[in-house]
Each structure stands twice: as structure tokens, then as C-alpha cells.
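Survey of secondary and tertiary structure
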Amino acid sequence: MYSRRLDRLPPYLFARIDEMKSKKQQEGVDVIDLGVGDPDLPSPPHVVDALCKAAKDPVNHHYPSYAGLPVFRSAAADWYKKRFGVSLDGESEVISLMGSKDGIAHFNEAFVNPGDYVLCPSPGYPVYQTSTLFSEGSVYAMPLKTENKFIPVLSDIPSEVAKKAKVIFVNYPNNPTSAIVTSGFYKELVDFASDYNIVVVSDNPYSEISFDGYKAPSFLETSGAMEVGVEMHSLSKTYNMTGWRIGMACGNSDILEGLGRVKSNVDSGVFNAVQIAGAAALSGPQDCVREACSIYKERRDALVNGLSELGFKTEPPKATFYVWLPVKNSIGFAASLLEKAGIVATPGVGFGSAGEGYVRFAITRTKERILEAVERMKGISI
Ligand SMILES: *Cc1c(COP(=O)(O)O)cnc(C)c1O
């Protein structure tokens, strides 16, 4: 009944984990879910107010414009200028997205012909791969290895593959490894992309979630980046707005036009009231972002220190709300965490075969729950 395209999708490990979690809950276990990357903190009140006000204005009840409201796009451009020193033209170098997942999922349709390669990090956000399969391209997995600080080695990509590649996805600060970009990598990426004529997509939803004085760069700061690529950005993680579905793609106008042409045929844009509230988030006070980071930092320290006392060593991440813990067998470890301790963590292999040997904890639960999870982990071996 289903298409070959659907049959090609890898089994969805996350759905399986959900099933196992519900089964435990039905048995009466108080499950601590450190699996999902969805902030538990509320969206900022001033942004909620802006939405309520805009939702009451009938002028906003119609179909939005395809590329997005000027007020949202110029707020995004101003934010890029203020935050990264990157100048963008709100008219041609920014489009609104229903979250960055929307931009990623539809991107390849604009650039990839059947048989073309798409270079995807492994482990990585699964949508890079599904988007490639839907566009009937071939995934070339770039392994993110511990010894390379989870940065792909571009010179390891065979030149026959690079010549047939149309798109490369990168994501720093990284989900699931929590790695940050190393200096010089983006410049190397620009050179590689221009040598082989490959479009770069920098997926950057975690740029604002960082600790210990670290500030994540934008790919678009790199000289030459605007010629070869775009960056997907999202309000989901920065402002605890995952349910609102708003983000933006910024960068090269010809590339954005390709994505825009696909999107104008499959969706009708983001609800105007949500875009107005999104503009309020980007241009309003940013204390909420700093507060969220200090909460995540406390949780990170609670988890990393707790794990360390139990003999599980891992570096405290400088960014993202994930802790990526080396273990012997990722599915086995995650299964025993759930069985013996009632804790959900995501096996690294769920993000691609190179994620084997790790589990991912999302610190999107209170510090108290995280401390309780650590307590319950006593006695579990790697
Ligand atoms: C959460 C996440 C996204 C999607 O975010 P939305 O804007 O909510 O669609 C994209 N990429 C990565 C790596 C993520 O972790």
C-alpha cells in the first residue's frame, strides 16, 4: 500500500522508545523522561501577550504571505546583525519557516535530483536523512567521531561522492553530541562547498543555548558563506517555543528562492499572529534566554557531576541541552536505564550508526528530577 519512498525510511526508533515508556508507565513506574529535546520551561510571557493581542486582530486571520511578514523578516535580520554582526536584507535574504524542521524537510526537493548525494552528519538530526530519501537522493553519512571533536573530516569524503553531492548539512552546536564548531571548520566548509558546487545548510537552532561564557557563531559570519549557503534558525529552543512552529532560513537569496518555491506549493506560511509574536521575541528583552541558560547550566552540572560520581565520565557540554555519554552498547544501556531505573534516554544509534557507543540525555527536566535520576542510576553498569 505504501510507496517505496516510505518503505525506505529507517525504522523509527523514537516511536519504539515511546511504546516502551508507556508500557512502564502503565506498570505504575514514575518514569523520568530525559529523552525528548523539548524545553520544559514556558514561552516568555511578553511573547504570549504579543500573540494574544495579534490573534484578536482580524487583519491577521487571513492567509499569510509566502515569504513571511516584513515585520518578522526584518526582526530576524536585525537580530542577526545584533547577535552575529551579519547583515541580511529582510526582503530577499530571510524567509519564515514553520520551524526549522519545515525548512530542512523541504530543502532537498529544491536542489536534489534522484541519485544525487546529500552529505549528512551521523549521528545527526534524523530529518536530514528523511528529507534526502523523500527527494530520492542518496545519503552519504559523514561520521562525527569522538577523536575529531564530532566535526566531519571533509577530506575523507571521496571526490566521486563530493562531485555528485548537491547539499551538505551541518549543525553546531550539535544535536545529539552537544559538540561546538571548531575554529577554522566553517572556512574549510566554504572552500569545500565552492570547489564542488555544493549548497551548505547550517542548522543552528541551539546558538543561544550555551554556558561558561561560550557564544556560538553563525555559519554566515564566515567569509564567502553567503555565496554558498543558508542557515536555518528557530525560535523553538531559544525561547521555549517548540509548539508555535516558527523559525527562519537566512542567507543566499537564490538558494532561499528555491526553498521558497517548494514551500509556496506545499504550505501557506506561518500564522501572522505567530510571526508578530516571533518578532516580539527576537526584538524584545533577552533576559529570558539568559535565565533559561542558567537553569540548563545547573541541570547540566547536576547530571555531569552525578554521572561522574557514579563512574560515568563525560565533559560538561558548552552548549545545547544535551549530555552525550559514552557507553558500551547504546540500545542495551538505554534499555537497562528504563528497565532498572525508569529513566528514558535516547540510544545514540537512533541518530545514525556512528552514534553507537553513546546515549543522549536531554536536560529538559527539573534539577530535582535529574538528581533523582542520578540516584536511581546507582548500581547500573555501562
Ligand atoms: C529541534 C531541532 C530542529 C527543529 O526545530 P524546529 O524549529 O522546532 O522545527 C532542527 N534541527 C535540530 C538539530 C534540532 O535539534
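Figured I'd write up the structure that's included with this text. The shown structure was predicted, so the numbers you read here are calculated from the model rather than taken from an experiment. (Residues numbered from 1 in each chain as written. Predicted model: local features only at pLDDT ≥ 70, side-chain atom pairs only at ≥ 80, totals over all residues. Heavy atoms only, no water.)

1. What to know about the sheet that holds strand S12 (residues 358-362)
Within a sheet, adjacent strands bond to each other through the backbone by hydrogen bonds, running parallel or antiparallel. With antiparallel pairing, the three strands of this open sheet are ordered in space as S9-S12-S11. The sheet terminates laterally at strand S9 (322-326) and strand S11 (346-347), the two strands that pair on one side only. Relative to S12, S11 runs antiparallel, the two being bridged by two bridges. If you follow threonine 346 over to S12, its bridge partner there is arginine 360. Against the sheet, helix H13 (residues 287-309) engages S9 and S12, with an angle of about 15° to S9. (Pairing = 2+ DSSP bridges. Helix = DSSP H or I, 4+ residues; strand = E, 2+ residues; numbered from the N terminus. Contact = heavy atoms within 4.5 Å. Axes fitted to C-alpha atoms, helices over the stretch in contact; angles between N-to-C directions.)

2. What to know about the packing of aromatic side chains
Using the criterion set out here, one finds 19 aromatic pairs in the structure. Here phenylalanine 150 and tyrosine 358 contribute two aromatic rings whose centre-to-centre distance is 5.9 Å and whose plane-to-plane angle is 75°, an arrangement assigned as edge-to-face. Pair noted here: phenylalanine 150 is in the loop between strand S4 (138-143) and helix H7 (159-163) and tyrosine 358 is in strand S12, with a separation of 208 residues, a long-range link. Residue classification places phenylalanine 150 among the buried positions, given a relative accessible area of 12%. Their ring planes at 80° and their centres at 5.3 Å tell us that tyrosine 186 and phenylalanine 219 sit as a pair that is edge-to-face. Of the two residues, tyrosine 186 is situated in helix H8 (residues 185-196) and phenylalanine 219 in the loop between strand S6 (199-203) and helix H9 (225-228); the sequence distance between them amounts to 33 residues. Of the aromatic side chains, those joined through ring pairs into one cluster are Phe150, Trp324, Phe351 and Tyr358. (Phe/Tyr/Trp six-rings, centres within 6.5 Å; stacked < 30°, edge-to-face > 60°. Buried < 20%, exposed > 50% of the residue type's maximum accessible area, 1.4 Å probe, protein only.)

3. Description of the layout of surface pockets
By volume, the largest pocket is sized at about 1300 Å³. As for the largest pocket, its lining consists of 49 residues, and the residues nearest its centre are Tyr12, Phe14, Tyr125, Pro126 and Val127. Mapped onto the lining of the largest pocket, the elements with two or more residues apiece are helix H2 (13-26), helix H5 (100-111), strand S3 (117-122), helix H6 (127-134), S4 and helix H10 (235-238). Looking at the lining of the largest pocket element by element, the count peaks at six residues for H6. Grouping the amino acids of the lining of the largest pocket by side-chain chemistry returns 24 nonpolar, 17 polar and eight charged. Taken domain by domain, the lining of the largest pocket gets at least three of its residues from each of domain 1 (4-43 + 287-378) and domain 2 (45-283). In this model, the second largest pocket occupies a volume close to 430 Å³. Considering each element in turn, the lining of the second largest pocket owes the most residues, three residues, to S9. Each of domain 1 (4-43 + 287-378) and domain 2 (45-283) accounts for three or more of the residues forming the lining of the second largest pocket. (1 Å grid on protein atoms, 1.4 Å probe; cavity = no way out; pocket = protein on both sides within 12 Å on 5 of 7 lines; lining within 4 Å. Points joined across faces, edges and corners; volume = space filled by probe spheres on them. Nonpolar A, V, L, I, M, F, W, Y, C, P; charged D, E, K, R; others polar. Domains from an automatic or database assignment.)

4. Some points on helix H11 (residues 253-266)
The end-to-end C-alpha distance of H11 is 20 Å, a good match for the 20 Å that 14 residues give at a rise of 1.5 Å each. Here the buried face of H11 lies against strand S2 (94-97), H5, S6, H9, strand S7 (229-234) and strand S8 (247-251). Of the residues that open H11, the one with a side-chain oxygen 3.0 Å from the backbone nitrogen of aspartate 254 is asparagine 252. (Expected span 1.5 Å × (residues − 1). Polar contact = N/O pair within 3.5 Å; in protein donor to acceptor, adjacent residues only side chain to side chain.)

5. Looking at the side chain of arginine 73
Secondary-structure assignment places arginine 73 in helix H4 (residues 70-84). The buried charged residue arginine 73 lacks any salt bridge partner; its closest oppositely charged side chain belongs to glutamate 91, at an N-O distance of 5.4 Å. Engagement of the side chain of arginine 73 in a polar contact is seen with the backbone oxygen of glutamate 91, the distance being 3.0 Å. Apart from the residues lying within four places of it in its own chain, the contact partners of arginine 73 are Ala67, Gly68, Gly90, Glu91, Val94 and Ile95. (Lys, Arg positive; Asp, Glu negative; His and termini not counted. Salt bridge = Lys/Arg side-chain N within 4 Å of Asp/Glu carboxyl O.)

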